[in-house]
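# Observations on the model geometry
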Amino acid sequence: MSIKDQKFFRILAVALLAMSVTMPAAQADDDDHDEKYGSENRGKPLQPAQTNARFQQECSSCHIAYAPGLLPAKSWRKMMAGLDRHFGSDASLDAEDSREITAFLVKNASNRWSAPTAPLRITDSNWFKRKHDDHEINPAVWKNPKVKSPANCSACHPQAERGDFNEHDIRMPR
Amino acid sequence: MRYLFRASSLALVAVAGLAVQPAFAETPGEIQASIQQEADGTPGFQEFSAARGEVFFRTKHANDWSCASCHSENPAAPGKHAKTGKAIDPLAPSANAERFTSPKKVAKWFRRNCNDVLDRVCTPQEKGDVLAYLLTVKK
């Protein structure tokens, strides 16, 4: 056996050993992101191919129409039930619009993240905090008036309206 | 034959009538008329006044906001949401033909914004005054 082969088998052995140790955990959670983000997993928040005209119109009046995949169904139900006090503003809808938009949000909600507390703020999720902590982003960025608030996704993510938060597209405003 | 001709031309007129129907459900004048109807029955109602509407528009009310906080001091110019910073199209009909043409939208936004700015519903008098003011704003 050549030195090269010995090296290969040693690596193989270590890899097999590592697999045997990590396998049970990997089976319990089929995505290593689960561990990284606590029990949460944001899934892919891309806007669904078939959108809804009322959702588009109503939810983009005061902010971008946040993609339904950014929150679990429970959160959307809670959000839509409290629109008359929506983060300090009255965003109430008539019953018909509310029903149709709720159905659209729930149908396209994140199916990989179920938070029992039904958080209303996307920014309260562990994955959001992890991706936007001081280590990732200079705290001065948040003070930029062009950013204004962590809820203003499109300040740095130009494709946020589409639900596309690809890291390669990030442009921090100066 | 003559009858048939008349019937078909009538149908043509009807179809053409549908086609040229304006894109907007109502005019700001018609919206103002229905606010007037609502106001007529209320005690102490006075004729709508653009001057009073302008004061109302610029004054900060219960929640430290005025209409101008989001719609800008010049309603013919674009505004900006005071909280989110999102751009808002001009509010004055002279600068934005879509404004005050949908009764549903008018009702929705008066309900929401009066609640945010004044912590209560607006009276028909207040709504009519503001619309009277907005209709005097030139582009």
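See the structure shown above.
Presented here is an overview of the structure given in this document.

### Topic: the overall build of chain B
- Looking only at helices and strands, chain B features six helices and two strands.
- Secondary structure of chain B in N-to-C order comes out as α-α-α-α-β-β-α-α.
- In chain B, once contacts between residues fewer than 6 apart in sequence are set aside, the share between residues at least 24 apart is 61%.

### Structural notes on the interface of chain A and chain B
- Contact residues are listed per partner, giving eight residues for chain A and nine residues for chain B.
- When its residues are assigned to classes, the side of chain A that touches chain B shows two nonpolar, four polar and two charged.

### A look at unusual backbone geometry
All names here are of chain A.
- The phi angle at alanine 118 is positive, at roughly 45 degrees, despite the residue not being glycine.
- Of the residues examined, alanine 118 has 15 C-beta atoms within 10 Å and is grouped as partly exposed.
- Phi angles above zero are rare outside glycine, and lysine 148 is one such case at about 65 degrees.
- Its location among the elements puts lysine 148 in the segment after helix 7 (140-143).

### Focus: helix 3 (residues 50-58) of chain B
All names here are of chain B.
- Among all positions of helix 3, only Gly53, Phe56 and Phe57 are buried. Seen end-on, helix 3 carries its buried residues on one side only, within an arc spanning 100 degrees. Exposed residues lying more than 90 degrees from the buried face of helix 3 are Ala51 and Val55.
- Turning to helix 3, the residues buried within the fold contact helix 4 (67-71) and helix 6 (124-136).

Reading the values: the criteria
Residues numbered from 1 in each chain as written. Chains lettered and ligands numbered in written order. Predicted model: local features only at pLDDT ≥ 70, side-chain atom pairs only at ≥ 80, totals over all residues. Helix = DSSP H or I, 4+ residues; strand = E, 2+ residues; numbered from the N terminus. Contact = placed C-beta atoms within 7 Å. Nonpolar A, V, L, I, M, F, W, Y, C, P; charged D, E, K, R; others polar. Buried ≥ 20, exposed ≤ 12 C-beta atoms within 10 Å, placed from the backbone. Arc of directions from axis to C-beta.

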